[in-house]
Structure formats: structure tokens, C-alpha cells
Amino acid sequence: MISVLKGMKDRHSDDVRKYDFIVDTAKKVFSKYGFERIITPILEETELFRRSVGDETDVVSKEMYEFKDKGNRSVSMRPEGTAGVVRAYLEAGLHKSDPIVKWFYNGPMYRYEAPQKGRYREFHQVGAEIFGIRSPYLDAEIIRMGCEFLEKLGITGLTVEINSLGNIESRKKYIEDLKAFMAERLDKLSEDSKKRYEKNPLRALDSKDKGDQEQFKDAPKLYDYLDEESKKYFEDTKKYLELLNIKYVENSKLVRGLDYYSDTVFEIKSDKLGAQATVLAGGRYDRLLEILDNVKIPAIGFAAGMERIAMLMDEKLVENKENGVYVVYFDDTKEYFIKTLEELRKNDIKASFDYNPKSFGAQMKKANKINAEYVLILGEDEQKENVVTLKKFSTGEQEKYSLDEVIEIVK
Ligand code: HAM
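Presented here is an overview of the structure given in this document. Here the structure is a predicted model, which means the values were calculated and not measured. (Residues numbered from 1 in each chain as written. Predicted model: local features only at pLDDT ≥ 70, side-chain atom pairs only at ≥ 80, totals over all residues. Heavy atoms only, no water.)

1. Some points on the site of the ligand
If you check the shell around the ligand, you find 25 residues, and the closest are Glu-80, Glu-113, Glu-129, Arg-256 and Tyr-261. Contact between the ligand and Arg-256: an oxygen atom at 2.8 Å from a side-chain N or O atom of the residue. Here an oxygen atom of the ligand sits 3.0 Å away from a polar atom, N or O, in the main chain of Thr-278. Here the ligand has 660 Å² of accessible area as a free molecule, and 96% of this is covered by the chains. Listed by contribution, the elements that provide at least two residues to the shell around the ligand are strand E6 (122–131), strand E10 (278–284) and strand E11 (299–305). Considering every element that reaches the shell around the ligand, the biggest residue donor is E10, with 5 residues. Class assignment for the residues of the shell around the ligand results in 10 nonpolar, 8 polar and 7 charged. (Near = heavy atom within 4 Å. Polar contact = N/O pair within 3.5 Å; in protein donor to acceptor, adjacent residues only side chain to side chain. Areas by Shrake-Rupley, 256 points an atom, 1.4 Å probe, with all protein chains shown as cover. Helix = DSSP H or I, 4+ residues; strand = E, 2+ residues; numbered from the N terminus. Nonpolar A, V, L, I, M, F, W, Y, C, P; charged D, E, K, R; others polar.)

2. Things to note about the environment of Val-327
For Val-327, the position within the fold is in strand E12 (residues 325–329). Expressed as a C-alpha distance, the spacing of Val-327 and Gly-211, which sit 116 residues apart in the sequence, is 66 Å. Here Val-327 is in contact with Phe-337, Leu-344, Ala-351, Ser-352, Phe-353, Gln-363, Leu-376 and Leu-378, once residues within four sequence places are set aside. (Contact = heavy atoms within 4.5 Å.)

3. Some details on the packing of aromatic side chains
The final tally for this structure, using the stated rule, is 19 aromatic pairs. Relative to Phe-104, the ring of Phe-30 lies with its centre 5.6 Å away and its plane at 80°, an arrangement referred to as edge-to-face. Pair noted here: Phe-30 is in helix H1 (residues 14–32) and Phe-104 is in strand E5 (residues 101–110), with a separation of 74 residues, a long-range link. Assigned by exposure class, Phe-30 and Phe-104 land together as buried. Three or more aromatic residues link up through ring pairs in this structure, and these residues are Tyr-89, Trp-103, Phe-131, Tyr-260, Tyr-261 and Tyr-285. Of note, Arg-121 hangs over the ring of Tyr-112, and the distance from its end group to the ring centre comes to 3.8 Å. A cation sits over an aromatic face here: Lys-179 above Tyr-197, 5.3 Å from the ring centre. (Phe/Tyr/Trp six-rings, centres within 6.5 Å; stacked < 30°, edge-to-face > 60°. Buried < 20%, exposed > 50% of the residue type's maximum accessible area, 1.4 Å probe, protein only. Lys NZ or Arg CZ within 6 Å of the ring centre and 35° of its normal.)

4. A closer look at the environment of Gln-383
Locating Gln-383 in the fold gives a position in helix H16 (residues 380–385). Residues Gln-383 and Glu-335 lie 48 residues apart in sequence; the distance between their C-alpha atoms is 9.5 Å. If sequence neighbours within four positions are ignored, Gln-383 has contacts with Asp-332, Thr-333 and Tyr-336.

5. A few points about the layout of surface pockets
The volume enclosed by the second largest pocket comes to roughly 430 Å³. Looking at the second largest pocket, it is lined by 26 residues, and the ones nearest its centre are Arg-171, Asn-200, Leu-258, Asp-259 and Tyr-260. Taken together, the elements giving at least two residues each to the lining of the second largest pocket come down to helix H2 (46–54), helix H7 (168–184), helix H9 (201–204) and helix H12 (288–293). Classifying every residue of the lining of the second largest pocket by side-chain character gives 11 nonpolar, 4 polar and 11 charged. (1 Å grid on protein atoms, 1.4 Å probe; cavity = no way out; pocket = protein on both sides within 12 Å on 5 of 7 lines; lining within 4 Å. Points joined across faces, edges and corners; volume = space filled by probe spheres on them.)

6. Looking at the pairing of E12
Residues in a regular strand project their side chains so that they alternate between the two faces of the sheet. Among the 5 residues that make up E12, 5 are buried, leaving the element largely enclosed by the rest of the structure. Because side chains alternate across E12, one face comprises the buried residues Val-325, Val-327 and Tyr-329, and the other comprises Tyr-326 and Val-328, equally buried. Pairing geometry for E12 and strand E13 (residues 351–352), over 2 bridges, is parallel. By the bridge assignment for E13, Tyr-326 is matched with Ser-352. In this view, the connection linking E12 to its parallel neighbour E13 by way of helix H14 (residues 334–346) has right-handed handedness. Examined bridge by bridge, E12 and strand E14 (residues 374–378) share 5 bridges and lie parallel to one another. Bridged to Val-327 within E14 is Leu-376. (Pairing = 2+ DSSP bridges. Right-handed = clockwise from strand over helix to strand, strands pointing away.)

7. A short note on unusual backbone geometry
With the exception of glycine, the majority of residues adopt a negative phi angle, and the majority of peptide bonds are in the trans configuration. Within the chain, Arg-256 stands out as a residue other than glycine whose phi angle is a positive 70°. In the Ramachandran plot, Asn-386 falls in the positive-phi region, its phi being about 55° despite a non-glycine side chain. Mapped onto the secondary structure, Asn-386 falls in the loop between H16 and strand E15 (388–392). The class for Asn-386 is exposed, based on a relative accessible area of 55%.

8. With respect to helix H11 (residues 228–243)
Compared with the 22 Å implied by 1.5 Å per residue over 16 residues, the 22 Å span of H11 between its first and last C-alpha is a close match. Within the span of H11, buried status applies to Ser-230, Lys-231, Tyr-233, Phe-234, Asp-236, Thr-237, Lys-238 and Leu-241. Of the surrounding elements, those touching the buried residues of H11 are helix H6 (136–152), strand E7 (158–164), strand E8 (248–250), strand E9 (264–270) and E10. In the segment just after H11, Asn-245 is the residue with positive phi, at about 65°. (Expected span 1.5 Å × (residues − 1).)

Written out as C-alpha cells, the structure is:
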């Protein structure tokens, strides 16, 4: 037998009901804030991710599903959604005509990571991106929208963490000083942090290793390197968060794993997920469009992991309420049954039944098992009289009606 690939999963029953509910909730909440859905391909040129997410990040350097297509082009399964959405924005030339765009998306993403609880090789994100606006109120508003989305899914016990990475220049200076700081204590750092020292020192800052955390206690603080404009931007963003009643924690070590961010970054974490605690994450990426296409358009966005949401959401919201009718019939009344079924479906009534009907008792048992609200009984008498017997399961009451009357009642 061939099995599903490691870190991937088939989804059905409750998993799919949850998936649909999450997407429907995103649509409702995000459209209220003016977002429309965008769909982009799963496969993109590898170069897009190298230049946007960043060559040195783990996501690009270690985790991409990258291969040559039949035309010998290097292509990759998207590890995240932002890069493709940015490409779509630039390719549509919207920066020239209608620069302010609010888009959201959902779909599968691929990262060749070591699978564990909450971390998979194929996972799904719901994300939102806004182009054309740089405003601290917008940064607060998008965090507000992320919180509202998670609240509507019945998720509690969340913490919003925020930080500012400043602009790329101030971050460069910071990275130099951080490297100097790390160099002095390299022998005391974990193997992972040693590796990050060369290629991605910022990432070492949020190491989970207790020894590293001790070493980084007195590390230089990014905030001290921000220029005046970035500092004011950050302070204003926090002010608007307070105005919107969003409780947040400032985390000076929050740096994110993708290279394209500047200024505001944020993560919403749960206390119920263990090591992979971040449910929703994002930030501002004002320079990305310039890096990709020399276009000076600011942008901000976030993405939420649907598998992590599914683990946290209120299960009651997606209980399988099998309502509609269960139709009981017999071999002798099969033609009457088929005509009745056609009428029910024409009237958008969900009908369940047995393709090879067994005894009355067996069919009633099945109706009970699927929690049907009504049972329609089509016996020989009903066929002769051209009526149906309707039984309401919750009360046990039953009576004969014409099919039109039944349709009225059930609807
Ligand atoms: P990210 O932090 O890489 O950001 O991913 C966002 C969320 O996707 C994570 O917080 C997590 O919930 C989920 N996620 C990531 N990797 C996995 C995995 N291997 N298994 C399960 N869930 C996972 C981004 O992807 C950015 N594009 C977010 C963004 C949008 N920034 C600006 N706009």
C-alpha cells in the first residue's frame, strides 16, 4: 500500500468541516474590513522566494520543495503566500493604476520541515495583504482584524506580541553589533545558534534553548537602533492598539523567520499548542516591492496556520448537524420513492436513504443514527393514497400529508 507522504495528511469529515468554517469566517470578517480574495498558483519560480523570503532563511535554504520542470526551469511549491501575492500585484500593474489593494487568500503551503505537533510539510494558511498604505493605524487595524478572526472561531488564551524591526539600514547596524556580541560568547551558544551566527544572527535571538536565552539576556536591543521615524511609528502603532482595546506584549526578541519585514512585526500565540505556539503572524514589508521590481509601495500582512487554528477552535461551531429527512421505503414502493426523492431535491431538501432498503426497523435505526430531524415513510398504503407519512423524530408524532405539505413543513 502506498501511504500519504510524511508531514502530510488526508482531510475529511470534521477536518474538512473545520477547514470550510475557518475559510467562511475569514471571508466574513475580512470582507467587512474591505478585503477581496485572490487566488495565485502553488508553483512559482524559485527565484521569487529566494529574493523575497530570503536566500539565507531556513524556509528557503533548507525547506523548499524545489525542482526542475520539464523546461528545465527551477520552480518551487510556495512555502508561504506573501511572495506570490506581491508578484501578482506587480504583474497586474496595480501600483500604476490602483495602488491601494486589500487581498486575502487561503490554501496549501509546503515546507520540508521535521514534522511535529502543529508543524507539517503540507499545511494551510489564511492570509491577508494590504498594498499602498503606510500608517500606524493600519498596522493596529490589521492586528485587530487578526484578533477578531480568531475570536470568531471561539479561540481563547491568546497573546499578541509585537516588535519593530525598524528600517533595513538600522537593522544592518544592529546585526553587526549583535554579531560582535555573539562572537564574544560563541563557545557558550547552542549548535543551532552557532550556525545562525554566520547566516542569520537575528534568528538566534528567539532560540528556544535555555542556555542561549541566558546568553542573550544582555544582548543589544533592536529598539535602541531604530531611527526617530521608526520609533515614532512604533509608538503610534501601540497607541492605536490601545485605542482599539487590543492587549499586547512587547517582545524585543521577536524577529520573524522571513527576511522581507521592516518596522512592525507581530505574532499571536496560544498557550495551548506547546512548542509551535504561533497561530497567526505577520508584519510590514515596505521594501519588498522595491527589491523585486523597483516599485516604492508599502505593504503589510499576516498569515494564520489553519491546522493550528483547527486544534484550538471551538468544536461546537462545526458540529455535524445532520438534519433534513430520512426516507423509509420498500422494494414495492421504490418507484414512488424515486419520484418523491426528485421532488424533495427540487425543493432543496436534503434526503438520506438506503439504496437497498432493508426492514422498517433497520431503516429507522439508521435514521436515528444520523440524527435525522424527520422521517418520511413511503409504504404501500401511502403509495395508494398518494400521500406520505411524516414522523418528527424529536417528538415521535406522525401523520399523513401530501408531499407539498411535507415540503412546506420541512422547509
Ligand atoms: P510564517 O510565520 O512563516 O509567516 O507563517 C504564518 C503561520 O503559518 C505560522 O504562524 C503558523 O501558524 C503557520 N505555519 C507556518 N509553518 C507551518 C508548518 N510547517 N506547519 C503548520 N503551520 C505552519 C508567513 O508565512 C508570512 N507569509 C506571513 C505574512 C503575510 N507576513 C506578511 N504577510
